[in-house]
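# Overview (structure and organization)
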Amino acid sequence: MQDPNQNHLLAALLDAEFERLSPHLESLPLRLGDVLCESGDTLDYVYFPTTAIISLHYLLENGGSSEIAGVGNEGMLGVSLFMGGGSTPSRAVIQTGGHGYRLPVRILMEEFNRAGPVMRLFLRYTQALLTHMSQTAVCNRHHTVEQQLCRWLLLTLDRLGAGELTMTQELISNMLGVRREGVTEAAGRLQGRGHISYRRGHITVLDRAGLEGHVCECYGVVKKEFGRLLSDVRHHQPAGLSRRAA
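Report follows, based on the coordinates.

Scoring rules and cut-offs
- Residues numbered from 1 in each chain as written.
- Predicted model: local features only at pLDDT ≥ 70, side-chain atom pairs only at ≥ 80, totals over all residues.
- Heavy atoms only, no water.
- Axes fitted to C-alpha atoms, helices over the stretch in contact; angles between N-to-C directions.
- Helix = DSSP H or I, 4+ residues; strand = E, 2+ residues; numbered from the N terminus.
- Parallel < 35°, antiparallel > 145°, perpendicular 65-115°, else oblique.
- Contact = heavy atoms within 4.5 Å.
- Nonpolar A, V, L, I, M, F, W, Y, C, P; charged D, E, K, R; others polar.
- Pairing = 2+ DSSP bridges.
- Core = buried A, V, L, I, M, F, W, Y, C linked by side-chain atoms within 4.5 Å.
- Buried < 20%, exposed > 50% of the residue type's maximum accessible area, 1.4 Å probe, protein only.

### Side note on the packing of helix α5 (residues 117-142) against helix α6 (residues 145-160)
Interhelical geometry of α5 versus α6 gives an angle of 155° and a closest axis separation of 10 Å. With respect to each other, α5 and α6 are oriented roughly antiparallel. Contacts between α5 and α6 pair H132, T136, C139 and N140 from the former with Q148, R151, L155 and R159 from the latter. Of the residues contributing to the contact of α5 with α6, the split by class is two nonpolar, four polar and two charged.

### Description of the sheet that holds strand β10 (residues 202-205)
If you trace the three strands from one edge of the open sheet to the other, you get β8-β10-β9, paired in antiparallel fashion. In this open sheet, the two strands that pair with only one neighbour each are β8 (164-166) and β9 (196-199). With direction set aside, neighbouring strand axes in the sheet form an average angle of 15°. With four bridges connecting them, β9 and β10 associate as antiparallel partners. Counted as the bridge partner of Y198 is I203 from β10.

### Structural notes on the nonpolar core
Among the nonpolar cores identified, the biggest contains 66 residues, and I54, M76, F122, Y125 and L153 are the most heavily contacted of them. For this core, the element with the highest residue contribution is α6, accounting for seven residues. Look past the residues within four positions of I54 in its chain and what remains in contact with it is L36, Y47, P49, A69, G70, V71, L77, A92, V93, I94 and Q95.

Below is the structure:
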């Protein structure tokens, strides 16, 4: 069963706010590889992943790309809309298949423009997302492929809560913006230490503590900032409470 409360932002809404939005929330599958928007597109919907992960990519003129941030059950796709941009310079593609909810932009903006709790919640999330983006840029410039891979794996684990990921090395190399050979070497070293097992597009994390021991500080910075800004999000709704799904 899909439940909007699986998304931490939707779960943080007060009952009155949720009741205004819930009739317009549409549950939908988000399949691996689906493109939700291209660079420069204007969104008709904002997306709230529950069990899927959305990857935001920046595309270069030469065809290259790299991930600038990921969006999972902690957030939403579409912050450019209420920041005044209208469109986004990034491409949004489903990194990990699952489910989520979408909401018409008009409904979101009506709620945001009330200048109440929804606006404050979404702006705090936007600040956390900007930290994620800036730290990703720093990491890609200054840290090794192995450290970047550890960061990416840990952030993915935090969103999914499961130890097994379906992900090819080619897709990871596109995410990190590095050569596939570099990912192969880094994954091989992690597998040799017993931290992960990699087989036919499936990565199983065997030793999370081992990954945390080799990751750079970027993972901790991002996690700390999300925790600081959204510390009340996960705990706003009482445990076990299930509001009406769309």
